[in-house]
Amino acid sequence: MANETSVNAPGGAQEPGLKKVMGPKLLLFFVVGDILGTTIYSLTGKVADKVGGALWVPFLVAFVVAFLTAFSYLELVGKYPRAGGAPLYVHKAFGIHFVTFLIAFAVMCSGITSASSAAQAFSGDYLSGIFGEGVEPYSWMVALGFLLLLAAINFRGVGESVKMNVVLTCVELSGLAIVIVFGLIAIFGGSHSADITPDPSRLTQFDSGSSPLLAVTSATALAFFAMVGFEDSVNMAEETKDPAKNFPRALLLGMIITATIYLIIALITSTLVPTEELAESDGPLLLVVKAAAPWFPPVLFSLIALFAVTNTALINMLMASRLVYGMANEGVVPGAFGKVHKGRRTPWVSILFTSIIAMILVSSLEISDLGSTTSLLLLVVFAVVNVAVLVLRKDEVEHEHFKAPTWVPVLGALTCVFFASPLSGRPATEYIIAGILLGIGVIFWLINYFIKGKTDFDAEALSK
């Protein structure tokens, strides 16, 4: 069939591949939906705390860094169009099983820290916007209950649909549209709360506690969390119609659309809400709506925001548990993590493990630490992927594919390394958190190594 692929099975037989169901518009929605989520709804205030009123600057820098890495992913997905991801690309480039495992485990950990930050956001100001400030003393209980609910949904099994992603993306976009439309009317039309005075001068103000450069770099290290998600779309390449033509356009256009939304919201937010108020809130967009349109029901916007962070958390916990399950099946972590519940047919041990880690993180860390650790882990992964692109230039393929200018992955690798390093202003806490998480993986690897000896595995199984 024209809309299906076929792959070689062992023994040379042809097995049906994934059905090509995604056209350019559906793929574009998928890319935008993957990037949108927790950061813009909950961490904008924490970014403002680091940079000051010039909130738009770190989001712009983060977009540039992510855009450079996106070109590397485009070259790799064009070269190897079957569903893959960072672990597969790294393994093709270096062929070192331990490095491949660390990349896969880092991606898994980033999913857990991302979901944990979403749990913190769920139990914060948006929840108070619905039930009142009386719920604040119980926020930690709400966060843990939220993760238990996600674990239950994960255990029950969720049939993910690309078309459902369109619906979820539309709901998330509706909340951002409310902020943009009402915000612009408030700024240019003068229709805003009597308690605030729009102040565009804040847009050029940087945190007085540090130099402008350090303020921007430290804020960018957190704001980069807002741009992650685009890398997940490489898994849809095999299901895309004419991927060589449609995939690059959809990915780059999706990133540009998302970055534009983020920049407009950053400009509106900083103009309408004082930096000090933003810095104290994990529901910054609710402050913007209250300032721009005090008549708009805060409960309704809070519900939209909770939906957005819930969607992000669920997707990340699904990804994390399935990655652990895949690693167990390939024999690189203890086999117990590969156990599947007989009734639900879901990887219950992996779900339990990832949920416990998330609960520990939520109970012991702040939302900004969780967001920054997520970006740290993925910046390291992206740096290695950028290097992998250059290494794989020696691997020629017969079909035509996109090829990025050499300077792009070089600059992408350097910028990722810089923003992952202490030079960007990252505190030692983030390295400790990331080190502990990766250390757990190393322990699992060593246990298997001493029990089973050297283990060969299929890197592609760690990329889905």
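Residues numbered from 1 in each chain as written. Predicted model: local features only at pLDDT ≥ 70, side-chain atom pairs only at ≥ 80, totals over all residues. Heavy atoms only, no water.

- In the nomenclature of an unreviewed UniProt entry, the protein chain is known as APC family permease of Saccharopolyspora ipomoeae.
- UniProt annotates the protein chain under Subcellular location (unreviewed entry) with the comment "Cell membrane". (UniProt positions renumbered as here; feature names shortened; annotations may be inferred.)

## Structural notes on the overall build of the protein chain
Here is step 1 of the chain: Counting its regular elements, the protein chain contains 17 helices and 2 strands.
Here is step 2 of the chain: Here the contacts in the protein chain between residues at least 6 apart in sequence split such that 82% fall between residues at least 24 apart.
Here is step 3 of the chain: A total of about 19200 Å² of accessible surface is found on the protein chain, and carbon and sulfur atoms cover 66% of it. (Helix = DSSP H or I, 4+ residues; strand = E, 2+ residues; numbered from the N terminus. Contact = heavy atoms within 4.5 Å. Areas by Shrake-Rupley, 256 points an atom, 1.4 Å probe, with all protein chains shown as cover.)

## Thoughts on the layout of surface pockets
Here is step 1 of the chain: Of the volumes computed, that of the second largest pocket is approximately 350 Å³.
Here is step 2 of the chain: Along the wall of the second largest pocket there are 19 residues; nearest its centre are Q120, D282, L365, E366 and I367.
Here is step 3 of the chain: Among the secondary structure elements, those contributing two or more residues to the lining of the second largest pocket are α2 (38-51), α7 (139-156), α14 (348-364) and α15 (367-391). (1 Å grid on protein atoms, 1.4 Å probe; cavity = no way out; pocket = protein on both sides within 12 Å on 5 of 7 lines; lining within 4 Å. Points joined across faces, edges and corners; volume = space filled by probe spheres on them.)

## Looking at the environment of V135
Here is step 1 of the chain: When you line up the elements, V135 lands in the loop between α6 (125-131) and α7.
Here is step 2 of the chain: According to the relative accessible area criterion, V135 is buried, its value standing at 16%.
Here is step 3 of the chain: With near-sequence residues (within four places) excluded, V135 lies in contact with L127, S128 and V142. (Buried < 20%, exposed > 50% of the residue type's maximum accessible area, 1.4 Å probe, protein only.)

## Some points on helix α13 (residues 298-329)
Residues spaced three or four apart along an α-helix point in a common direction, a consequence of the helix completing one turn every 3.6 residues.
Here is step 1 of the chain: The first and last C-alpha atoms of α13 sit 47 Å apart over 32 residues, in line with the 46 Å expected at 1.5 Å per residue.
Here is step 2 of the chain: Looking one or two places after α13, you find G331, whose phi comes out positive at around 75°. (Expected span 1.5 Å × (residues − 1).)

## Observations regarding the pattern of salt bridges
Here is step 1 of the chain: Scanning the model with the defined rule gives 3 salt bridges in all.
Here is step 2 of the chain: A salt bridge links D199 to R202; its shortest N-O distance comes to 3.8 Å.
Here is step 3 of the chain: Residue E430 pairs with R426 through a salt bridge whose shortest N-O separation is 2.5 Å. Comparing E430 with R426 shows no difference in burial state: the two are buried. (Salt bridge = Lys/Arg side-chain N within 4 Å of Asp/Glu carboxyl O.)

## Thoughts on the packing of aromatic side chains
Here is step 1 of the chain: Applying the stated criterion across every chain, the model contains 21 aromatic pairs.
Here is step 2 of the chain: Each ring, one from Y41 and one from F301, has its centre 6.3 Å from the other, and the planes form 35°; the classification is tilted. Here F301 lies in helix α13 and Y41 lies in helix α2, a separation of 260 residues in the sequence.
Here is step 3 of the chain: Judged by relative accessible area, Y41 falls into the buried class, the value being 1%.
Here is step 4 of the chain: Between F67 and F71 the ring centres are 5.3 Å apart and the planes differ by 85°, which places this aromatic pair in the edge-to-face class. Taken together, the residues F67 and F71, both in helix α3 (residues 56-79) and 4 residues apart, mark about one turn of the helix.
Here is step 5 of the chain: Assessed through its relative accessible area of 18%, F71 is described here as buried.
Here is step 6 of the chain: An aromatic cluster is present here, built from F63, F67, F71 and F402 joined pairwise through their rings. (Phe/Tyr/Trp six-rings, centres within 6.5 Å; stacked < 30°, edge-to-face > 60°.)

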